[in-house]
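A structural walkthrough
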Amino acid sequence: MTTKRSSDNNASCSKKVRFDIPLIPIDAETASVRHELLSRLSEITPGRLHGLQQQYDQLYQLLHQTTTTGESNSCLLIGNRGTGKSMLVRSVLDDLAKLQDDPNFCVVRLNGMTATTDRLALNEIARQLATQQRNQEGSAPDRSFSSFSESFEYILSLLKAGNKKTLPVIFILDEFDLFALHPKQTLLYNLLDTVQSAQSPLAVIGLSCRLDALELLEKRVKSRFSHRQIYLFPPATFGQFVDAAKDNLRVFTEGHAENSYRARFNKSVETLFEESTITSLLRRIFDLSKDLRMFYKICFEPVSLLSRDQPFLTTISFHQANLAQRADSKSEMLKGVSLLELVLIISMKKLMEKDIDAFNFQMVYDEYKEFMSRTQVRGLGFGMKLYKKPVALKAFENLQSFELVCPTDIVAKCPKEYRMTKLMLEESQVVETVLKYKDCPSIVYKWGTGAA
């Protein structure tokens, strides 16, 4: 779960963010290392770029021209999720902000998943610009508008009223392709038209994972776009993927002695990545998606456990975190079911083995009743009893409330015992549940696993 900085906190690229850490015994050095790693893993601070130097240079040069010479530009970053588009933009903005004590530009961040209409996008633009103005001037006049068009015209007039010496504004449009789905693409048209007019320094940077994002633009919008496209690609080889993962777990050692805790921590990271457990974990992620953020999710728990007693990352903590990440939610939920509910689930599994995909409670209860009859005849059902239908129906309804059993159709007048349903579990999940069920009777164990 990579976490992007909210637009509420991004009116200025230099704003500092406080990261709270768990209250466990920890010294100052370990706390500093843990804070640095957690901030990097959660993308509060940009991570280290790997294989993106060319893309970094292109974007840096483009935005540097906007912030220093007042040149208006537009650009589109295209790449799969997890290839580093947002991290690249943050790195460039942070480096530009470091050129001066007080950043000489304003950043407005919009996300197509939250700004679903031009009205919402305009409100967010106004809020971030007003926040930036308050930070610089100490106050900002309050204005009220009677209509959306009036407020939109006012914002556009502000953007177009400046000159080359006006404070540059950089628009970061995340999920750029979703903005192209807005009716008439009014927001994109006016932003790109302002860029093309070059009346005031303005840069529009779009981020998208769609290769055809440019083709989604209308002709009048596309004609105002600069057609600059920067492509980002995931690591090409497993070695590059491992190096990127390892480098983002190293901490800065500038100004520290060679035998300091930070230096020893980096050596422990080198040793950690030589373990076969870590190698197989990274290999699985690389083969699935090549998304480093999947590895970062696993890293959160081991990094959070750093303390005075455990100053270095351990293989066992990564192994446990990996198992927790891969745990099947439905299998975890099944650990708390009662024995009757487990038997009903096995009954549904037996019906599915007979190529009966949809069934009602009566069919499930008949299967359960037949199983109990066989066990009683063989004298194997010691300690088990056949529950009456109302009790079994209540257990069946509990499974429905957990959405382990879902209806296949809606029939309001049909008695609930005869409403057709289906089991939302694979047969392998049922078998796994039976194997892990605590104090499971041997006859139920054999019946559920197919051993009898």
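Up top is the structure.
So, here's what we can say about the structure. Along each chain, the written sequence defines residue order, and numbers are assigned to residues from 1. Predicted model: local features are reported for residues with pLDDT of at least 70 only, side-chain atom pairs are reported and counted for 80 or more only, and whole-chain, interface and lining totals are derived from all residues. Values shown for side chains rest on all heavy atoms present in the structure; no hydrogens or waters enter the calculation.

**Considering the side chain of Gln-362**
Short version of the rule: Each helix is a run of H or I in the DSSP string that is no shorter than four residues. Each strand is a run of E no shorter than two, and both are numbered from the N terminus. Pairs of N or O atoms within 3.5 Å make up the polar contacts considered here, provided that, within protein, one atom can donate a hydrogen while the other can accept it, and that residues adjacent in sequence are counted only when both atoms are side-chain atoms. Every residue pair with non-hydrogen atoms within 4.5 Å of one another is taken to be in contact.
Along the polypeptide, Gln-362 turns up in helix α16 (residues 361-378). Side-chain polar atoms of Gln-362 contact the side chain of Lys-389, separated by 2.8 Å. Excluding residues that lie within four positions of it along the chain, Gln-362 makes contacts with Lys-389, Glu-417 and Tyr-418.

**A word on the nonpolar core**
As a reminder, the rule being used: The definition of a nonpolar core used throughout is a set of buried Ala, Val, Leu, Ile, Met, Phe, Trp, Tyr and Cys residues joined through side-chain atoms within 4.5 Å. Only protein chains enter the accessibility calculation, which uses a 1.4 Å probe; a residue whose area is less than 20% of its type maximum is buried, one above 50% is exposed, and one in between is partly exposed.
The biggest cluster of nonpolar side chains holds 35 residues, and the ones touching the most others in it are Leu-342, Leu-344, Ile-345, Met-348, Leu-423 and Val-444. The element contributing the most residues to this core is helix α15 (residues 339-353), with 9 residues. Not counting residues up to four positions away in its chain, the partners in contact with Leu-344 are Val-364, Tyr-368, Ala-392, Ala-395, Phe-396 and Leu-399. Among the nonpolar cores identified, the runner-up in size contains 31 residues, and Ala-244, Ala-245, Leu-272 and Ile-278 belong to it.

**Description of the environment of Pro-302**
Mapped onto the elements of the fold, Pro-302 is located in helix α12 (residues 292-304). Pro-302 sits in the buried class, given a relative accessible area of 0%. Taking the C-alpha atoms as reference, Pro-302 lies 9.4 Å from His-319; in sequence the two are 17 residues apart. Apart from residues lying up to four places away in sequence, Pro-302 is in contact with Leu-313, Ser-317, Phe-318 and Ala-321.

**Concerning the sheet that holds strand β5 (residues 229-232)**
Where we set the bar: Two strands are said to pair when DSSP picks up at least two bridges between them. As a rule, the C-alpha atoms of each element are fitted with a line to give its axis, helices using only the stretch in contact, and angles between N-to-C directions run from 0 to 180 degrees.
With parallel pairing, the 5 strands of this open sheet are ordered in space as β2-β3-β4-β1-β5. The sheet is open, and its two edges are formed by β2 (106-111) and β5, each paired on a single side. For this sheet, the mean inter-axis angle between neighbouring strands, taken without regard to orientation, is 15 degrees. Two elements, strand β1 (residues 73-79) and β5, share 4 bridges in a ladder whose sense is parallel. Directly across from Ile-78, in β5, lies its bridge partner Tyr-231. Its contacts with the sheet put helix α3 (residues 85-97) on β1, β2, β3 (169-174), β4 (202-208) and β5, and the angle it makes with β1 is roughly 140 degrees.

**Some thoughts on the packing of α15 against helix α18 (residues 427-436)**
So the rule is basically this: Crossing handedness is read from the near helix: turned anticlockwise from the far helix by less than a right angle, it gives a left-handed crossing, and turned clockwise, a right-handed one. When residues are grouped by polarity, Ala, Val, Leu, Ile, Met, Phe, Trp, Tyr, Cys and Pro land in nonpolar, Asp, Glu, Lys and Arg in charged, and all others, Gly among them, in polar.
Across the interface, α15 lies against α18 with an axial gap of 10 Å and an inter-helix angle of 145 degrees. Both α15 and α18 take part in a crossing whose hand is left-handed. Contacts between α15 and α18 involve Leu-342, Ile-345, Ile-346, Lys-349, Met-352 and Glu-353 from the first element and Glu-427, Val-430, Val-431, Thr-433 and Val-434 from the second. Of the residues in the contact of α15 with α18, the class split is 7 nonpolar, 1 polar and 3 charged.

**Re the pattern of salt bridges**
In plain terms, the rule: Definition used for salt bridges: Asp or Glu carboxyl oxygen within 4 Å of a side-chain nitrogen of Lys or Arg.
Evaluated as defined, the whole model comprises 19 salt bridges. A salt bridge links Arg-220 to Glu-218; the nearest nitrogen and oxygen atoms lie 3.2 Å apart. When its relative accessible area of 34% is taken as the criterion, Arg-220 is described as partly exposed. Across the pair Glu-397 and Lys-416 runs a salt bridge whose closest N-O atoms are separated by 3.1 Å. Taken together, the positions of Glu-397 in helix α17 (residues 389-401) and Lys-416 in the loop between β6 (405-407) and β7 (421-423) put the pair 19 residues apart, joining distant regions of the chain.

**Remarks on the pairing of β4**
Among the 7 residues of β4, 7 are classified as buried, and the element is accordingly described as predominantly covered. Relative to β4, β1 is paired through 6 bridges, and the arrangement is parallel. In the sheet register, Leu-77 faces β4, and the bridge partner there is Leu-207.

**Looking at α17**
Worth spelling out the cut-off: Here, expected helix span is obtained from the residue count minus one, scaled by 1.5 Å. Comment: arc refers to directions from the helix axis out to C-beta atoms.
Its 13 residues place the ends of α17 18 Å apart at the C-alpha level, agreeing with the 18 Å of an ideal helix rising 1.5 Å per residue. Of all the residues in α17, the buried ones are Ala-392, Leu-393, Ala-395, Phe-396 and Leu-399. All buried residues of α17 lie within an arc of 160 degrees about the axis, which places them on one face of the element. In α17, the exposed positions angled more than 90 degrees off the buried face are occupied by Pro-390 and Ser-401. In the stretch just after α17, Glu-403 is the one whose phi turns positive, near 60 degrees.

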